Amino acid sequence: MAKDNILRALVFLLCCIAILPSSRAIWLNLPSSGTKCVSEEIQSNVVVLCDYMVISEERGPAPQISVKVTSPYGNNLHNTQNVTSGQFAFTTVETGNYLACFWLDTYHQGGASVNIDWRTGIAARDWDSVARKEKIEGVELELRKLEGAVEAIHENLIYLKNREAEMRTVSETTNARVAWFSIMSLGVCIGASVLQLWHLKRYFQKKKLI
């Protein structure tokens with residue numbers, strides 16, 4: 001019975017790990033001129049690691065690109081030019097959309113393709129280094145990975161709960177403002193109607209129609 005419960009718990013954890021958006025492989029087609037960007041909404045205190053490489057189907061050297069990564073508040077996290085491959089890594093300080101933009105440095109007919117390996121959170125952790133440093137392997141290493149996955153799931157749930165609370169507060173504030181605006185609009189309409197009736201009454205009295 002205990003073994004069945006452990007197996008069920010492990011299956012549940014593996015399913016949770018599978019649905020976490022912690023790693024993405026992206027194939028980005030760059031035009032001959034212009035910029036293409038990718039973004040992801042990430043909470044604070046999360047490790048981000050990205051490897052990118054230009055893929056060229058033509059013979060000769062691959063076209064060179066420029067890369068710029070910015071935080072939700074516009075802070076420059078990575079900026080490089082005239083490269084065909086590279087890597088950037090950082091730990092998020094702000095919560096929001098992190099933007100990575102790619103463009104060709106020089107005109108290249110047909111554009112170019114960039115392979116992007118974008119990893120966040122537990123997927124960005126170097127488990128080989130952890131295993132060597134702490135001298136763990138096998139089942140113990142897998143348990144350490146599961147522990148990291150559980151922590152990531154817990155942090156993600158807290159983040160979603162906080163976002164839901166913020167959205168609920170915004171919604172309630174908006175509803176209250178709309179209600180007050182409706183009451184004020186109704187008051188203005190009633191006041192305008194009263195003034196119109198008063199003006200018409202005075203006009204008819206001056207003309208001695210009533």
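Basis of the calculations
- Residues numbered from 1 in each chain as written.
- Predicted model: local features only at pLDDT ≥ 70, side-chain atom pairs only at ≥ 80, totals over all residues.
- Heavy atoms only, no water.
- UniProt positions renumbered as here; feature names shortened; annotations may be inferred.
- Core = buried A, V, L, I, M, F, W, Y, C linked by side-chain atoms within 4.5 Å.
- Buried < 20%, exposed > 50% of the residue type's maximum accessible area, 1.4 Å probe, protein only.
- Helix = DSSP H or I, 4+ residues; strand = E, 2+ residues; numbered from the N terminus.
- Pairing = 2+ DSSP bridges.
- Disulfide = S-S within 2.5 Å.
- pLDDT = per-residue confidence, 0-100.
- Contact = heavy atoms within 4.5 Å.
- Phe/Tyr/Trp six-rings, centres within 6.5 Å; stacked < 30°, edge-to-face > 60°.
- Salt bridge = Lys/Arg side-chain N within 4 Å of Asp/Glu carboxyl O.
- Axes fitted to C-alpha atoms, helices over the stretch in contact; angles between N-to-C directions.

- Where an unreviewed UniProt entry is consulted, the chain appears under the name GOLD domain-containing protein, with the organism given as Aristolochia fimbriata.
- Quoted straight from UniProt, the Sequence similarities (unreviewed entry) entry for the chain says "Belongs to the EMP24/GP25L family."
- We quote the UniProt Subcellular location (unreviewed entry) comment for the chain here in full: "Membrane".

### Comments concerning the nonpolar core
Turning to step 1, where the next piece is worked out: Tyr52, Ile65, Phe88, Phe102, Val114, Ile116 and Trp118 are the most contacted members of the largest nonpolar core, which has 24 residues in total.
Turning to step 2, where the next piece is worked out: Breaking this core down by element, the ones donating at least two residues are β1 (23-30), β2 (35-42), β3 (47-55), β4 (65-70), β6 (85-91), β7 (96-104) and β8 (112-120).

### Regarding the pairing of strand β5 (residues 76-83)
Turning to step 1, where the next piece is worked out: Where β4 and β5 come together, five bridges link them in antiparallel fashion. Bridge assignment links Val67 to a residue of β5, and that residue is Thr80.
Turning to step 2, where the next piece is worked out: Between the end of β4 and the start of β5, which pair antiparallel, lie five residues, with Gly74 showing a positive phi angle near 85 degrees.

### Here we look at the state of the cysteines
Turning to step 1, where the next piece is worked out: Here the structure, examined in full by the defined rule, presents one disulfide.
Turning to step 2, where the next piece is worked out: Residue pairing for Cys37: its cysteine sulfur links by disulfide to Cys101, the two sulfurs lying 2.0 Å apart. One quick way to see it: the torsion about the S-S bond of Cys37 and Cys101 is about 105 degrees, and its sign makes the bridge right-handed. With a gap of 64 residues between them, Cys37 in strand β2 and Cys101 in strand β7 connect regions that are remote in the sequence.
Turning to step 3, where the next piece is worked out: By relative accessible area, which is 37% here, Cys37 ends up partly exposed.
Turning to step 4, where the next piece is worked out: Here Cys101 falls in the buried class, since its relative accessible area comes to 13%.

### Some thoughts on the confidence of the model for the chain
Turning to step 1, where the next piece is worked out: With 79% of its residues at a pLDDT of 70 or more, the chain has an overall mean of 80.
Turning to step 2, where the next piece is worked out: Confidence, read as mean pLDDT per element, is least for helix α1 (residues 2-19) in the chain (48) and greatest for β4 (94).
Turning to step 3, where the next piece is worked out: The model gives residues 13-21 a pLDDT under 50, and that stretch makes 13 contacts with residues more than four places away or in other chains.

### Points about the packing of aromatic side chains
Turning to step 1, where the next piece is worked out: Taken as a whole and judged by the stated rule, the model has six aromatic pairs.
Turning to step 2, where the next piece is worked out: Here Phe88 and Phe90 contribute two aromatic rings whose centre-to-centre distance is 6.2 Å and whose plane-to-plane angle is 10 degrees, an arrangement assigned as stacked.
Turning to step 3, where the next piece is worked out: Owing to a relative accessible area of 3%, Phe88 belongs among the buried residues under this scheme.
Turning to step 4, where the next piece is worked out: In this structure Phe90 comes out as buried when scored by relative accessible area, which is 11%.
Turning to step 5, where the next piece is worked out: Where Phe88 meets Trp118, the ring centres are 5.9 Å apart and the plane angle is 75 degrees; that geometry is what we call edge-to-face.

### Comments concerning the pattern of salt bridges
Note on pairing: side chains with opposite charge can pair once their charged atoms come close.
Turning to step 1, where the next piece is worked out: If you walk through the whole model with that rule in mind, you get four salt bridges.
Turning to step 2, where the next piece is worked out: Note that Arg163 is salt-bridged to Glu41, the shortest N-O span being 2.2 Å. On the criterion of sequence distance, the pair formed by Arg163 in helix α3 (residues 139-206) and Glu41 in strand β2 is long-range, its members being 122 residues apart.
Turning to step 3, where the next piece is worked out: For Arg163, a relative accessible area of 30% corresponds to the partly exposed category.
Turning to step 4, where the next piece is worked out: Look at Glu41 and you get partly exposed, because its relative accessible area is 42%.
Turning to step 5, where the next piece is worked out: One network of salt bridges, with partners in common, ties together Asp51, Asp117 and Arg119.

### Comments concerning the sheet that holds β2
Turning to step 1, where the next piece is worked out: A sheet is described by the order of its strands in space; here four strands give the open sequence β2-β7-β4-β5, paired in antiparallel fashion. What marks the edges here is a single partner per strand, and that holds for β2 and β5. Recorded for the sheet is a direction-independent mean angle of 10 degrees between the axes of neighbouring strands.
Turning to step 2, where the next piece is worked out: Strand direction decides the pairing type here: β2 and β7, joined by eight bridges, are antiparallel.

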